[in-house]
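# Per-entry structural report
Okay, here's what each chain looks like letter by letter:
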Amino acid sequence: MNELVSPVVDGKINIEEKDFIIDHDIKFYKKLRFYLNGTYVELDNPDPDITLLQYVRSVGLTGTKLGCAEGGCGACTVLISSYDPTNQKISHFSVNACLAPLCSVDGKHVITIEGVGNVKNPHSVQERIALLHGSQCGFCTPGIAMSLYALLRNNPNPSEKEIEECFDGNLCRCTGYRPILDAAKTFAKPAVKCCESDVDKKSDRIEQNNGCGRGDCCKFNNSNSFSLLNLKFPQIKFKQYDATQELIFPPALISSYKSYPLYFLGRKTKWFKPNSLNELLLLKLKYPQGKLVSGNTEVGIEVKFKKVNYNVLIYVGDLQELKGYEFTDDGLTIGANITLAQFQEILQEAGKNCKEYQAETFKALLANLRWFAGHQIRNVATPAGNIITGSPISDLNPIFLSTSCMFTISCYNEMSCVSREVLAKEFWTGYRQNTCTSTEIMTKIFIPLSKERQFVRAYKQSKRRDDDIAIVNAGLMVHLDDENVVKNVGFGFGGMKNVSVRTPLSEEWLIGKKWGDENVLKGLLNNLREELRLSFDVPGGMASYRKSLVSGFIFKFWYDVCKNVGISTKEYNDDDINEFIGIIERNVSKGVQTVGFKEDDKKVIGKEIPHLSAMKQVTGEAIYTDDLPKVHGELYGALILSQIAHAKVLSIDASKALAISKVKGFFSAKDVPGENKWGPVFHDEEVFVSEEVQCVGQIIGLVVAESQAIAQEAALLVEIKYEKLSHILTIEEAIEENSFFNIDRKIIKGDVDEAFQHSDHVFEGETRIGGQEHFYLETNASLVIPKNEDNEFEIHASTQNPTETQIVGASILGIAANKIVCKVKRLGGGFGGKETRSIPLTLALMVGAYHLKRPIRCMLDRDEDMIISGQRHPFLGRWKVGVNNDGKLRALDLKIYINAGWSADLSAAVLERGITHSDNCYYIPNIKITGKLCKTNIHSNTAFRGFGGPQGMMITENIMSEVADKLGIDVVEFRVGFESVRVEKMEHKDGLCGDEKNFYSEGQLTHFNMTLNDWHIPSLYEQVKRSSEYERRHQEINKFNEKHKWKKRGISLIPTKFGISFTALHLNQAGALVHIYTDGSVLVSHGGVEMGQGLHTKMLQVAAEALSVPLDNVHLMETATNIVINTSSTAASVSSDINGYAVLNACKVLSERLKPYREKMLDKSFKEIVKAAYFDRVNLSANGFYKTPDIGYDWDKNEGQMFFYFTMGAACTEVEIDVLTGDHTILRTDLIMDIGRSLNYAIDVGQIEGAFIQGVGWCTIEESLFLPNGHIFTKGPGNYKLPGFRDIPQDFRITTFRDAEYPNLKTIHSSKGVGEPPLFLGSSVFFAIRDAIKFARKANGNNDIVVLRSPATSERIRMACMDEIAIANIVEPKENEKGWVIGV
Ligand SMILES: Cc1cc2nc3c(=O)[nH]c(=O)nc-3n(C[C@H](O)[C@H](O)[C@H](O)COP(=O)(O)OP(=O)(O)OC[C@H]3O[C@@H](n4cnc5c(N)ncnc54)[C@H](O)[C@@H]3O)c2cc1C
Ligand code: FES
Ligand code: FES
């Protein structure tokens, strides 16, 4: 591809005849012309297989990121502006550059994050996100900023609701979204009344000054005598947003750009862009196999993930004749290739131009379009693309099916265009098949007006409400006569067969029956159950749930119509009906943070300084591994992964791959020059598999080529023959097969058997918890550069563990560690997933680089990353609990099984933390916990924020809830005792600490014999209980639930304590190196890695405070193993503690050396002082070291101190569930954390909120599923759902504990580790859901104990309610029948 960036001459885009080619009687232009960030770009014959993302990154605009390549994360968001000459209108829309073909931008203006602003002159969107703490790791940030920018380009005065909704196509894994929303809402147009914060003015809380979140909030300038930090309004003077200053649409694209048919010939693909319908039909005649492409949101996925080769692509996205719309007396006709966003606008417009009853179908389409993907997809995807694809879960097709919509299909016949019309219900013929022939295309779609007394509704249920494909969806239509007798009916369902279907039998049965008659409803539900039967192992799984959803939708529809035609029903009045017929509507969210200590003598420490890289991140200037410029001679590596869960490798044949020119080599086990074995603790993994694969996704080989595309294509050609062996996937299978690693752990304290004998009650149960994918936005990436001198290697890797990478790298190459340097600038998130599982990729590249003596780079595709890299461990806890009549826990016997996967990795340590956290906050005098590591044939599970602690506590809290239910007492009472008793105690002991019922008290010993000092759990629990007004809201919830049958609310109050230290003693050490240069600038290096958690910011604060210099004076470049050596991985929430002390110690040495100069040069600047010291030959470089004192636990003896201290917290959450669908929303969360005296409150609040939301995802929507053959099913954002912007609590109140003294805390500046501890509080959502389910069950007279498996997905919530509809739809497995997908 030759690139010519030529200026536009005299404002005109020049065209030359030589650049045209005539083919099939059409004169095609051979150049692509567009603007990029205001600059004209002309490309000669661009490659049709290149995406816009690949292009912009290849020209150095690396601010636009690759997070998934499937339109599911928004990291690649850019803005495209185009001009419509017909309407003379410029439109601006956000798109996913990962799906947009480069060739589709002809005549358009592409704006990337670099075109919006830069660090020197940031756009107000960028500035506000950065300064209001909306960027942590920053990998998602440019994409998020672009979505907001796109909104403002179209609407400079958006409402708060529009702002919340504009992010529906973006994900962030770090922040928990609240700070981004706060920053974005500063652009919101003024509400009627500012600052309607519903904070209770009577309470003694102090957040009344926190305002409403708007930039011009009335509280902005209020000074409060109480000197707490106010994160939301840190008195920053923001740049004004001025819409007139935006990058203009290039005038040349209006005045002198003429659209020509285009033809590009790539390496594999031909690209045609016809300019008229005639040209299109002609091309289709000539190339019947030619693939039409419009938004490319289906075709792009097929090419990238299903590896489909389309040799001829015909682009129709800009074809005017397939756009436009017409409104007639019968209905609305739209061009088949308008975008879905335009479709939404047209439907709204059409609704205004007809009588209300005529717009029923329009409204139904709008209802489902609202939940169709995210903005970036809707801005390019088209109805034709959706209809022709014919996905069984299409969101539009069920509505078209049910409402006599009609499609116009056209083709060229004998040199003229002929068209036919086909009814939607006759269009689809099977799985992704329809009646179109290969030369036909779709041109129009007709949507009829609805008639009087005709009702149309749309329904969709998915795992997550925003941007998710449907589990089941429906378009339901009924037409009633004046007597409410059914005249006509159309039910369209998606997700029930391999194509969207009508239900002719049920429909026929219903015609002539009376709507509103309860028996008719019953009959209809029975008929549909029969007509839409599903087997237990149905593809897609969830048979019972899917059937229940059909019934639920019909139920909602039935009563909705009853209400509309005025039929009064026995069971429900109009209010009841209103409450359950719709979906759960979320309010605009709001958040309050109350943080800080009353008095503070520090200058830099404890201040809410924004992440020091935030501005670079939000402008796209921050460099991540794959953003590093290409180095000379660089090659690309592609991995060959095992496709079988357990097998012998019989042969590997790479000859076809090696035959491709530009492929430089293939490497496998035989090529490893040193030790092929490695492992973080036990050396039980191979760099490349030599004989036997143990799971799908194990690395067998590496293909290296000149480019990524060639390497990936060649990798597909490597042939491997296997001999299959039997495999084990789940914990239960491993127990049955006795498949364990030989690394058991146990803690025994007291005598459980005896205690059980003396307990008033003994209960047994089982708690099952699923895994969790890290889903850091930046996948694993490495660049290995051989130095070709002395066998030296420079590695740039996205790893939390540079030293381990260096040491293992040396061992597998058979060279000394001093020849290797591993450098890490920053990670786009890690969360434990890059602690050890980042290493295999680097090792494979090192082997290739060693042999080829050339640099090799690889950034894993999202699916590869999810297949290879392991997850949070699934847990199974089998427990027996003894409890007395007074509600005191007597004994716990707990057996923990964890799914370690195929190798040991860090699983033993994860199990240890699971065991040590299985008491959560409760004193259980007799305890026996044993743990086993299940060896299975899935990826090797690994560290993940919390490291087994959350799973251990989840078991305990399930025990607490289930035992409380069995005893018939409130679980809060079970934890803390009866309110009356407590009040009495409060009078004696200030109420906050003391002999709570089951909580530990100060000075007590845990089961691992650690004394609980500075024990604040009872106080925290009490404080959050009061501030959340738990008691009052509990009563209100009771009342709400009595009134509402199909919506239920629940509330929970969950405590947590989390032990801070690595449990492997040697890891609790850190080093730092601090240099002071003669200009007074300070360079700090330490052993920790920056992965978004703000570690470097905190470390620089420590250095600045210690050296008494402004923060601007100190700088940190990167983490490198040749600067600070033998680093521990950045993990276990200790990095600030240990690296902070190492930095402090180094600074103390330097301060001491500078002290004489400071004393005698009182009026001199730091620079002058440093200079004077330099001239006196004072060493201005110092290293610092720290090892955590006191700790050291012996598992055999159950003695020694396990943790340095505990971080504690508590949360109260209220949720609402929709019983008929299993949907839920978080109404409110109040969370309090004891984080000591924070080094930086803004960063720590970010950690709290981010961890909480990650915890919410873990135990609600994030479900990791496998196919029975061992392939992971959930391997991308399409079917693995992270919480999105609108899954956070509607009302989110964070407080840091400030009433404490810490006589025993020996940490740096009395701060506490905060990265992991809040995660478990996300489970408060799980337990609130459980509470709501209890109410739902009770309403049906079912008092069975709720045993809820985590995560509480919509499927589990729905089916756990056990109402008559759910029960009627249960599909039992036949003998030996397994589900289509399984949780492991
Ligand atoms: C992240 C993501 C989220 C999604 N979410 C949803 C969702 O919530 N609900 C849902 O239903 N779908 C969803 N989809 C699927 C997809 O977006 C839709 O099917 C979309 O409507 C496809 O339109 P397109 O223009 O991008 O199609 P393309 O990919 O361009 O084309 C799709 C197919 O249509 C054919 N085609 C296009 N135009 C014509 C025409 N005029 N005549 C004949 N054939 C034509 C193409 O040849 C191709 O076979 C999602 C996809 C992604 C990537
Ligand atoms: S990278 Fe494009 S949406 Fe994820
Ligand atoms: S800051 Fe959003 S993913 Fe890290």
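From a predicted model like this one, the values you see are computed outputs, not experimental measurements.

## Thoughts on the overall build of the protein
Counting its secondary structure elements, the protein contains 39 helices and 50 strands. For the protein, whose C-alpha radius of gyration is 32 Å, the value lies close to the compact-globule estimate of 34 Å for 1384 residues. Across its three principal directions, the C-alpha atoms of the protein cover 95 × 80 × 70 Å. Each of the 1384 residues in the protein was classed as buried or not, and the buried ones make up 65%. Restricting the contact set of the protein to residue pairs at least 6 apart, pairs at least 24 apart contribute 77%. Roughly 49,200 Å² of accessible area belongs to the protein as shown, and the carbon and sulfur atoms make up 49% of that amount. If you average the places of the 157 positive and of the 172 negative side-chain charges in the protein, the two averages end up 2 Å apart.

## Considering the packing of aromatic side chains
Counted according to the given criterion, the structure contains 46 aromatic pairs. Ring plane angle 85 degrees and centroid distance 6.3 Å describe the contact between Phe555 and Tyr572, whose orientation is recorded as edge-to-face. Here Phe555 is found in helix H17 (residues 543–565), whereas its partner Tyr572 is found in the loop between H17 and helix H18 (574–581), with 17 residues between them in sequence. As far as the burial class goes, Phe555 and Tyr572 line up, both buried. Through successive ring pairs, a cluster of aromatic residues spans Phe491, Phe493, Trp515, Phe557 and Trp558. Here the basic side chain of Arg862 rests over the ring of Phe775, its NZ or CZ set 4.0 Å away from the ring centre. Between Lys1338 and the ring centre of Phe1335, over which it is positioned, the NZ or CZ distance is 5.8 Å.

## Notes on the environment of Ile113
Checked against the element boundaries, Ile113 lands in helix H2 (residues 113–116). Linking Ile113 and Thr62, residues 51 residues apart in sequence, is a C-alpha distance of 9.1 Å. Setting aside residues up to four positions removed in sequence, Ile113 forms contacts with Gly63, Thr64, Gln126, Pro142, Ala145, Met146, Val618, Thr619 and Gly620.

## Points about the pattern of salt bridges
The tally for this structure, following the rule as stated, stands at 73 salt bridges. A salt bridge links Lys670 to Asp671; its shortest N-O distance comes to 3.5 Å. With relative accessibility at 68%, the residue Lys670 sits in the exposed group. With a relative accessible area of 17%, Asp671 lands in the buried category. Here Asp965 ties to Lys1334 by a salt bridge, and the two come within 2.9 Å at their closest N and O atoms. Remark: Lys1334 occurs in helix H37 (residues 1323–1339) and Asp965 occurs in helix H28 (residues 949–967); sequence separation between them is 369 residues.

## Concerning unusual backbone geometry
For residues besides glycine, phi is generally negative; the peptide bonds are generally trans as well. Cis geometry is adopted by the peptide bond preceding Pro1351, which originates at Ser1350 and carries an omega value of 5 degrees. Looking at where Pro1351 falls in the secondary structure, it is placed in the loop between H37 and helix H38 (1354–1360). Of note, the phi angle at Ala1132 is positive, near 65 degrees, even though the residue is not glycine. Considering the arrangement of structural elements, one finds Ala1132 in the loop between strand S46 (1119–1120) and helix H34 (1135–1160).

## Regarding the UniProt feature "active site" (unreviewed entry) in the protein
Mapped onto this numbering, the UniProt entry annotates "active site" (unreviewed entry) at Glu1316. A relative accessible area of 8% places Glu1316 in the buried class.

## With respect to the nonpolar core
If you look at the biggest cluster of nonpolar residues, it comprises 391 residues, and the most contacted ones within it are Phe400, Phe407, Phe493 and Trp515. Per element, the largest residue contribution to this core is 13 residues, and it comes from H17. Residue contacts for Trp515: discarding those within four places in its chain leaves Val478, Leu480, Asn484, Val486, Leu510, Phe557, Trp558, Val561, Cys562 and Ile567.

## Observations regarding the confidence of the model for the protein
The predicted model of the protein has a mean per-residue pLDDT of 93, with 94% of residues at 70 or higher. Segment residues 1–5: pLDDT under 50, and 19 contacts once partners within four positions in sequence are set aside and those in other chains are kept. pLDDT under 50 marks residues 194–233. Its contacts with residues more than four places away, or in other chains, come to 94 contacts.

## So, the environment of Asp1194
Mapped onto the elements, Asp1194 comes out in the loop between strand S47 (1181–1187) and strand S48 (1205–1218). Residue Asp1194 is classed as partly exposed on the basis of its relative accessible area, which comes to 27%. Separated by 186 residues in sequence, Asp1194 and Phe1008 have C-alpha atoms that sit 9.5 Å apart. Among the polar contacts made by the side chain of Asp1194, one reaches the main-chain amide nitrogen of Asp1196 at a distance of 2.8 Å.

## Considerations on the site of ligand 1
Close to ligand 1 lie 31 residues, the nearest being Leu292, Ser294, Thr297, Asn337 and Thr382. Asn296 places a polar main-chain atom, nitrogen or oxygen, 2.9 Å from an oxygen atom of ligand 1. Separating an oxygen atom of ligand 1 from a side-chain N or O atom of Lys460 is a distance of 3.2 Å. For ligand 1, the protein covers 93% of the area, taking 980 Å² as the surface of the free molecule. Secondary structure elements with two or more residues in the shell around ligand 1: strand S11 (291–293), helix H13 (383–389) and strand S19 (441–448). Partitioning the shell around ligand 1 into residue classes produces 14 nonpolar, 11 polar and 6 charged.

Procedures and definitions
- Residue indices begin from 1 for each chain and proceed along its sequence in written order.
- Chain letters start at A and ligand numbers start at 1, both assigned in the order the entries are written.
- Residue-level local features of this predicted model are given only where pLDDT is at least 70; pairs of side-chain atoms are given and counted only at 80 or more, and the full residue set underlies all totals for whole chains, interfaces and linings.
- Side-chain measures were taken over the full set of non-hydrogen atoms in the model, leaving aside hydrogen atoms and water.
- Strands here are runs of E lasting at least two residues and helices are runs of H or I lasting at least four, both read from the DSSP assignment and numbered beginning at the N terminus.
- Put simply, the radius of gyration uses C-alpha atoms, and a globule should come to 2.2 Å times the residue count raised to 0.38.
- The classification of residues rests on relative accessible area computed with a 1.4 Å probe and restricted to protein chains. Under 20% of the type maximum is buried, over 50% is exposed, and intermediate values are partly exposed.
- Contacts were defined at the residue level, with two residues in contact if any of their heavy atoms lie within 4.5 Å.
- Computed with a 1.4 Å probe, the accessible areas rest on the Shrake-Rupley method; for each residue, only the protein chains presented here act as cover.
- Note that His is not counted, nor are the chain ends; the positive residues are Lys and Arg, and the negative ones are Asp and Glu.
- Charged side chains are reduced to one point each, which is NZ for Lys, CZ for Arg, CG for Asp and CD for Glu.
- For Phe, Tyr and Trp, where Trp contributes only its six-membered ring, two rings pair if their centres lie within 6.5 Å, and the inter-plane angle classes them as stacked under 30 degrees, edge-to-face over 60, or tilted in between.
- In this analysis the charged atom, NZ for Lys or CZ for Arg, is taken to sit over a ring once it is within 6 Å of the ring centre and within 35 degrees of the ring normal.
- What makes a salt bridge here is a side-chain nitrogen of Lys or Arg within 4 Å of a carboxyl oxygen of Asp or Glu, nothing more.
- UniProt positions are given in the numbering used here, feature names are shortened, and annotations may be inferred rather than shown by experiment.
- Buried Ala, Val, Leu, Ile, Met, Phe, Trp, Tyr and Cys residues form a nonpolar core when they are joined through side-chain atoms within 4.5 Å.
- pLDDT is a per-residue confidence score from the predictor, ranging from 0 to 100.
- Here a polar contact means two N or O atoms within 3.5 Å. Within protein one must be a hydrogen donor candidate and the other an acceptor candidate, and residues neighboring in sequence count only if both atoms are side-chain atoms.
- Near, as used in this document, describes a residue that has one of its heavy atoms within 4 Å of the molecule or strand being considered.
- By the convention adopted, Pro, Cys, Tyr, Trp, Phe, Met, Ile, Leu, Val and Ala count as nonpolar, Lys, Arg, Asp and Glu as charged, and the other residues, Gly among them, as polar.

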